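# Structure assessment
Listed below are the residues making up each chain.
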Amino acid sequence: MEQPTEEVSVAQRRIQDQVGDLGVIETGLPASKRSPSSRSLTVDNVPINRRSNDKGVVKRIADSIVHRAPEKGESVVGDNKSLGTEDVTRPGRIILKKCEAAVPSSSLLNRLFKNREGRKKTILHSMRVDVPAGSITAILGTSESGKSTLLKFMAGCMDKNMAYDGIVNLQGSTSYLPRETNLHRFYTPRTYIRHYDRLLSSRAQGGGCNNMPNRFKRNQSSDSNGDNGGRPPMRRTSSIMTHDDVENLLDNLRIDHERRDTIVGDVFRRGLSPGEQRRLELGLLVLGAPDTLFCENPVEGLDSETSLQLMEFLKGYSSNSSRRVIVTLNRPSLFVWNLIDNVILLSRGRIVFEGPRFDMESFFSHHKMPTPARFSPLEHYLAVVNNFRRPNVSVDWESAFKKWQEEGDDDNEDGLADDIETCFPTAIPNVMIPSMQSRSNNEESSSCLSYLCCCFGKWSPKFIELLRRYLLQMALNPGILQLRFGMYTMLSLILGMLFFNLEQDFSYQQVNSHAALLFYSSSFYIFMVVAILPFLAIDHQIKEKEVLNGFYHPITHHFAVSVAAIPTVFIMSLVISVILVNMVQLENGIMFFLILTLALWCGESLAILVSLCTKNYILGIVGCAGICGLFMPLEGFMLIPSKFPSWLRWTYFVPFHTYTWRSLMHNEFSGSLSGNGVLQSYEIEDTNIAHDVVVLICYSMIIHILCMA
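Below is a short write-up of the structure. (Residues numbered from 1 in each chain as written. Predicted model: local features only at pLDDT ≥ 70, side-chain atom pairs only at ≥ 80, totals over all residues. Heavy atoms only, no water.)

In this section: the overall build of the protein chain. From N to C terminus, the protein chain includes 26 helices and 13 strands. For the protein chain, the proportion of its 709 residues judged to be buried stands at 54%. For the protein chain, the share of sequence-separated contacts (at least 6 apart) that also reach a separation of at least 24 residues comes to 75%. When the accessible area of the protein chain is evaluated, it comes to approximately 31900 Å², of which 57% is carbon and sulfur surface. (Helix = DSSP H or I, 4+ residues; strand = E, 2+ residues; numbered from the N terminus. Buried < 20%, exposed > 50% of the residue type's maximum accessible area, 1.4 Å probe, protein only. Contact = heavy atoms within 4.5 Å. Areas by Shrake-Rupley, 256 points an atom, 1.4 Å probe, with all protein chains shown as cover.)

Here you go:
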């Protein structure tokens with residue numbers, strides 16, 4: 001029988017006054033330091049776990065007081081299959097229904113004919129977790145437990161081979177720190193922070209790849225549309241950091257003053273240590289003041305002291321009551337363990353514990369598995385749930401945890417963590433992000449960046465800042481310009497000395513020498529663009545990280561990279577042309593320079609496309625070298641077009657090398673009777689240089705369109 005609404009609301013208010021916000025406000029406090037209201041309560045013999053700060057609990061207990069059974073569709077704590085209204089709308093709640101990966105079949109015949117997708121492997125089972133605000137939540141577990149997959153599901157950046165469905169209720173903006181450290185190597189900490197600050201300041205309020213206001217109430221599934229899983233832009237939009245702001249941030253990152261003008265470092269020059277690079281990368285991501293910061297194993301490969309400094313920075317950042325920091329960790333030290341507030345413990349894709357860190361000992365003590373004296377708690381918990389060296393002991397820890405949630409817990413606290421805090425107190429920095437207020441009108445009126453923004457639209461400041469970055473990279477990264485400049489200069493000087501003052505008497509030897517030289521210019525100089533692929537691969541990883549975090553659109557980045565490559569191509573072509581035209585006495589040096597510039601620009605565009613299609617630079621070098629090696633015999637020097645097999649004759653028009661070589665030949669031999677005879681012998685007497693120049697321009701445009709696609 002239905003009870004009056006007034007009686008229900010009074011009962012709910014009475015229970016809410018007793019329960020409060022349990023497990024959220026005082027999540028990180030040990031049991032001995034919590035207020036009495038945060039301990040386990042019972043109302044009418046109904047146990048309330050202190051971590052169950054769910055309104056569903058309050059309503060369930062209120063229903064028991066007024067003798068009314070829960071209605072259909074209402075959520076019950078511990079039931080992962082129930083997706084009631086409270087489950088969907090609660091901030092910080094993540095509900096995962098399924099997460100499977102397609103495993104390719106080991107048999108080639110099965111992949112080709114029977115089952116192309118292979119079998120499905122369950123990575124994560126159905127689960128529901130809560131991520132409280134103002135705290136650090138650590139996802140823990142052994143290898144293959146699903147830590148990184150769960151983090152990527154929360155962050156909205158799942159791999160393409162994953163089939164998943166669920167709901168992520170995380171308010172505000174997000175940022176994701178990948179496992180690998182990816183930084184441009186020519187920046188110093190000070191200049192890098194200022195670069196990111198300008199990049200963030202030039203972003204419009206609704207920018208990013210997807211204009212979603214936030215990720216609250218977003219149903220995240222593998223069938224959803226949009227780039228990056230619908231990731232919103234970060235919050236901060238239009239403030240310029242002062243010198244003091246930069247120095248304060250570097251102080252919080254524990255980067256020494258004498259190291260702040262040291263470059264990140266690369267294979268050519270030593271720079272910052274791996275720990276300093278990792279802390280700098282973390283500092284760059286928090287410049288946008290994201291409400292939720294995801295970090296995939298941020299302390300991997302770092303020593304204990306550096307790991308502690310990084311986690312202390314994260315602790316200071318999460319001290320804001322509206323921020324969440326979610327990390328995955330493998331084997332954190334006891335010092336790092338002491339900084340964690342909330343824990344999600346996984347085993348074989350299932351949740352075996354989820355809640356405040358100080359409640360873990362109560363859970364395992366309840367099941368007769370307390371941590372031995374002076375033993376690492378986390379090592380003990382991982383050993384227990386994974387049955388290390390206990391093959392005859394089998395416990396369903398997932399079911400045990402659900403039952404423990406319903407029954408309540410004891411107040412056994414983590415005594416070892418308290419001892420560590422007493423002997424070695426942590427030094428949590430006060431991480432302050434600069435104000436998000438816009439600059440004054442006077443500053444805007446005198447700013448060249450703002451003027452260009454008005455002229456070219458909202459994309460122009462980002463494009464200009466990225467263009468500035470890659471022009472600096474061209475000048476400061478030895479592998480982009482200096483190394484290639486030396487290589488092309490050396491090759492051109494050797495060719496110039498070999499073919500010095502080559503006479504054009506149209507003898508067989510002289511004609512063959514000219515043709516070979518022009519073939520080399522149209523082939524090998526283009527082939528040497530593979531030297532830039534390692535640097536393009538590094539930049540591609542940085543671009544993926546920045547696009548994932550909503551810094552800019554990938555098309556904006558591509559335009560900046562492409563435009564920044566023009567000076568490099570111009571310088572390379574100018575060096576080659578000046579040396580060869582003067583030493584070998586080639587005809588019409590200006591036209592030679594124009595054709596070679598367009599050919600190198602096509603080669604540079606091809607290298608950019610290959611770098612986007614491959615996962616590492618080794619595959620990129622192999623792919624680019626293979627394409628160039630395939631194009632060389634098709635351009636008409638080794639075999640004239642009429643000698644091609646009839647079914648392969650169309651391939652003569654595919655390489656851009658064809659239009660480069662025949663234009664160079666026509667530029668060198670046209671204008672005389674004997675020269676026209678040479679062109680006829682190669683079947684290129686009808687070549688129109690203007691036509692081929694247009695073809696080379698269109699060829700490069702098509703490659704860039706493929707890059708943007």
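Text resumes after the structure shown.
Time to look at the packing of helix 22 (residues 589-613) against helix 24 (residues 656-669). Packed helix pairs are specified by the crossing angle of their axes together with the interaxial distance, meaning the distance between the axes. Interaxial distance between helix 22 and helix 24 falls to 10 Å at its minimum, and their mutual angle equals 170°. Taken together, the axes of helix 22 and helix 24 are roughly antiparallel relative to one another. Note on element contacts: helix 24 touches helix 22 through F656, T660, S663, L664 and N667, opposite M591, F592, I595, A599, C602, G603 and L606. Split into classes, the residues belonging to the contact of helix 22 with helix 24 amount to eight nonpolar, four polar and no charged. (Axes fitted to C-alpha atoms, helices over the stretch in contact; angles between N-to-C directions. Parallel < 35°, antiparallel > 145°, perpendicular 65-115°, else oblique. Nonpolar A, V, L, I, M, F, W, Y, C, P; charged D, E, K, R; others polar.)

Scanning all chains against the criterion turns up 23 aromatic pairs. A centroid spacing of 5.7 Å and a plane angle of 85° characterise the contact between Y520 and Y525, whose relative ring orientation is edge-to-face. The class of Y520 is partly exposed, set by a relative accessible area of 24%. Classification of Y525 by relative accessible area gives buried; the value is 0%. (Phe/Tyr/Trp six-rings, centres within 6.5 Å; stacked < 30°, edge-to-face > 60°.)

Take the side chain of R278 next. By the element assignment, R278 lies in helix 8 (residues 274-285). Look at R278 and you get buried, because its relative accessible area is 2%. At 3.2 Å, the side chain of R278 forms a polar contact with the side chain of E281. Other than its neighbours up to four places away in sequence, R278 contacts L177, P178, R179, E180, T181, E296, N297, P298, L302 and L310. (Polar contact = N/O pair within 3.5 Å; in protein donor to acceptor, adjacent residues only side chain to side chain.)

Okay, the pattern of salt bridges next. Any two side chains of opposite charge can pair, so long as their charged atoms come close to each other. Summed over the entire model, instances satisfying the criterion amount to 20 salt bridges. Between D130 and R93 there is a salt bridge, and its shortest N-O distance comes to 2.8 Å. Pair noted here: D130 is in strand 5 (residues 127-130) and R93 is in strand 3 (residues 93-103), with a separation of 37 residues, a long-range link. The pair D130 / R93 is uniform in exposure class, with both members buried. The partner of E247 in a salt bridge is R190, with the nearest N and O atoms 2.6 Å apart. With a gap of 57 residues between them, E247 in helix 7 (residues 243-252) and R190 in helix 6 (residues 189-201) connect regions that are remote in the sequence. For the residue pair E247 and R190, the accessibility class agrees, reading buried in each case. (Salt bridge = Lys/Arg side-chain N within 4 Å of Asp/Glu carboxyl O.)

In this section: the sheet that holds strand 13 (residues 350-356). Read from one edge of the open sheet, six strands run 8-10-11-6-12-13, paired in mixed fashion. The open sheet has two free edges, formed respectively by strand 8 (174-177) and strand 13, since each of these has just one partner strand. Between one strand and the next, the sheet's axes are offset by a mean angle of 15°, whatever the strand orientation. Sheet analysis places strand 6 (residues 135-140) next to strand 11 (residues 324-329), joined by six bridges and oriented parallel. Note that in strand 11 the partner of I139 across the bridge is T328. Its contacts with the sheet put helix 5 (residues 147-155) on strand 6, strand 8, strand 10 (292-296), strand 11 and strand 12 (342-347), and the angle it makes with strand 10 is roughly 155°. (Pairing = 2+ DSSP bridges.)

Look at helix 18 (residues 482-498): 24 Å from first C-alpha to last across 17 residues, which is about the 24 Å you get at 1.5 Å a residue. On its buried face, helix 18 is in contact with helix 19 (508-527), helix 21 (554-584) and helix 22. (Expected span 1.5 Å × (residues − 1).)

Turning next to the environment of P91. Tracing the backbone shows P91 in the loop between helix 3 (85-89) and strand 3. As a C-alpha pair, P91 and P132 span 41 residues in sequence and 8.3 Å in three-dimensional space.

The subject of this paragraph is the environment of E312. Note that E312 resides in helix 9 (residues 304-317). Sequence separation between E312 and N252 is 60 residues; the distance between their C-alpha atoms is 9.1 Å. Here R254 takes part through its side chain, which lies 2.9 Å from a polar atom of the side chain of E312.

Turning our attention to unusual backbone geometry. Residues other than glycine seldom take positive phi values, yet R254 does so here, at roughly 60°. Examined against the element boundaries, R254 turns out to sit in the loop between helix 7 and helix 8. We classify R254 as partly exposed; its relative accessible area is 25%. Despite not being glycine, N588 shows a phi value in the positive range, around 45°. Mapping N588 onto the fold places it in the loop between helix 21 and helix 22.

By themselves, these observations are geometric and do not establish any function.
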